[in-house]
Amino acid sequence: VDMTEMVRMFLDAMDTQQLSPQIKPVNTHELLVEIVDQYQLAAERKEIQLSIVAAPQQVMADKRLLRQVISNLVSNAIKFGPPDSQTHVEAERQGESVVISVVDSGPGIAPDERGKLFNMFSKLSPRPTGGESSTGLGLWIVKQLTVLQKGSVGYDQPEAGGSRFWV
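What you are looking at is a predicted structure, and each value in this text was computed from that prediction instead of being measured.

**Q** Can you walk me through the packing of helix H3 (residues 63-80) against helix H4 (residues 138-148) in this structure?
**A** What describes two packed helices is the angle between their axes and the distance between those same axes. Relative to each other, H3 and H4 sit at 150°, their axes nearing to 9 Å. For the element pair H3 / H4, the angle class is roughly antiparallel. Here H3 runs over H4; the crossing is left-handed. Packed against H3, whose contacting residues are Leu-65, Gln-68, Val-69, Asn-72, Leu-73 and Asn-76, the element H4 presents Gly-138, Leu-139, Val-142, Leu-145, Thr-146 and Leu-148 at the interface. For the contact of H3 with H4, the residue count by class is seven nonpolar, five polar and no charged.

The structure is reproduced here in structure tokens:
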């Protein structure tokens, strides 16, 4: 599903209030393998090494919505990541929660732009590195779909550089 289709589905569902999550146990490892497989070719085209660094976890979520969330984060990491870099996806238990992160080795987000990250139509200074388009809606949708499942989202900049988006 491309971004335009995802936006259309999301806005239609919000209009009709049909976006009610079906919360069930989801095996994060299986889900991450599916997503990484889906984006492997796009990553290879940009010489980005895409991998999973995660112990299998079980999380209570709507699998379809969680797939959209993680897929968008992986897609962004590839879209904004420099050629010949690395991106990994991880899931780890932190207390009662499971945190799923997408970590890339791109330029990161400037501190003065981080407050705009999950806003509708936000376009920040980092640009896609392979001519891809950006609507400025992806992270806003990530936040809406995550909150709908009673989750939270965030961004950190690892000490080694790059970006870490987490849900």
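This is not the end of the story, as more comes after the structure.
**Q** What am I meant to see in the packing of aromatic side chains here?
**A** For any two aromatic rings, the description comes down to two numbers: the centre-to-centre distance and the angle of the planes. One pass over the structure, following the stated rule, counts two aromatic pairs. Aromatic pair Phe-118 and Phe-165: ring centres 6.3 Å apart, planes at 75°, arrangement edge-to-face. Taken together, the positions of Phe-118 in the loop between strand S5 (97-104) and H4 and Phe-165 in strand S7 (residues 163-166) put the pair 47 residues apart, joining distant regions of the chain. Take Phe-118 and Phe-165: they sit in the same class, and that class is buried. Plain terms: the ring middles of Tyr-155 and Phe-165 are 5.0 Å apart, the flat faces sit at 55° to each other, and that makes the pair tilted.

**Q** What should I look at first to understand the packing of helix H2 (residues 28-45) against H3 in this one?
**A** Running from amino to carboxyl end, H2 crosses H3 at an angle of 30°, the nearest separation of the two axes being 10 Å. In terms of orientation, H2 and H3 fall into the roughly parallel class. Read as a crossing pair, H2 and H3 show a hand that is right-handed. Counting all contacts with H2, which are made through Leu-31, Leu-32, Glu-34, Ile-35, Gln-38, Tyr-39, Ala-42 and Ala-43, the residues of H3 involved are Lys-63, Leu-66, Arg-67, Ile-70, Ser-71, Val-74, Ser-75 and Ile-78. Split into classes, the residues belonging to the contact of H2 with H3 amount to 10 nonpolar, three polar and three charged.

**Q** Where do I start with H2 in this structure?
**A** One turn of an α-helix holds 3.6 residues; hence residues three or four places apart share an orientation. For H2, which comprises 18 residues, the first-to-last C-alpha distance of 26 Å matches the rise-based estimate of 26 Å (1.5 Å per residue) to within 8%. If you look at H2, its biggest bend is around 45°, right at Tyr-39. Lining the buried residues of H2 we find strand S1 (24-27), strand S2 (49-52), strand S3 (58-61), H3, strand S4 (86-94) and S5. Sitting at the amino-terminal end of H2 is Asn-27, which places a side-chain oxygen 2.9 Å from the backbone nitrogen of His-29. Backbone geometry just downstream of H2 places Glu-47 in the positive-phi region, at approximately 55°.

**Q** Would you take a moment to explain the layout of surface pockets for this structure?
**A** Any empty space left between atoms is shown by rolling a water-sized probe over those atoms. Considering only enclosed or pocket space, the second largest pocket measures out at about 360 Å³ in volume. Lining the second largest pocket we find 19 residues, and of these Val-59, Met-60, Val-98, Gly-151 and Val-167 sit closest to its centre. Elements that contribute at least two residues to the lining of the second largest pocket include exactly S3, H3 and S5. Residues that form the lining of the second largest pocket fall into these classes: 10 nonpolar, six polar and three charged.

Thresholds applied
- Residues numbered from 1 in each chain as written.
- Predicted model: local features only at pLDDT ≥ 70, side-chain atom pairs only at ≥ 80, totals over all residues.
- Heavy atoms only, no water.
- Axes fitted to C-alpha atoms, helices over the stretch in contact; angles between N-to-C directions.
- Helix = DSSP H or I, 4+ residues; strand = E, 2+ residues; numbered from the N terminus.
- Parallel < 35°, antiparallel > 145°, perpendicular 65-115°, else oblique.
- Left-handed = near helix turned anticlockwise from the far one by under 90°.
- Contact = heavy atoms within 4.5 Å.
- Nonpolar A, V, L, I, M, F, W, Y, C, P; charged D, E, K, R; others polar.
- Phe/Tyr/Trp six-rings, centres within 6.5 Å; stacked < 30°, edge-to-face > 60°.
- Buried < 20%, exposed > 50% of the residue type's maximum accessible area, 1.4 Å probe, protein only.
- Expected span 1.5 Å × (residues − 1).
- Bend = angle between axes of the 7 residues up to and from the residue.
- Polar contact = N/O pair within 3.5 Å; in protein donor to acceptor, adjacent residues only side chain to side chain.
- 1 Å grid on protein atoms, 1.4 Å probe; cavity = no way out; pocket = protein on both sides within 12 Å on 5 of 7 lines; lining within 4 Å.
- Points joined across faces, edges and corners; volume = space filled by probe spheres on them.

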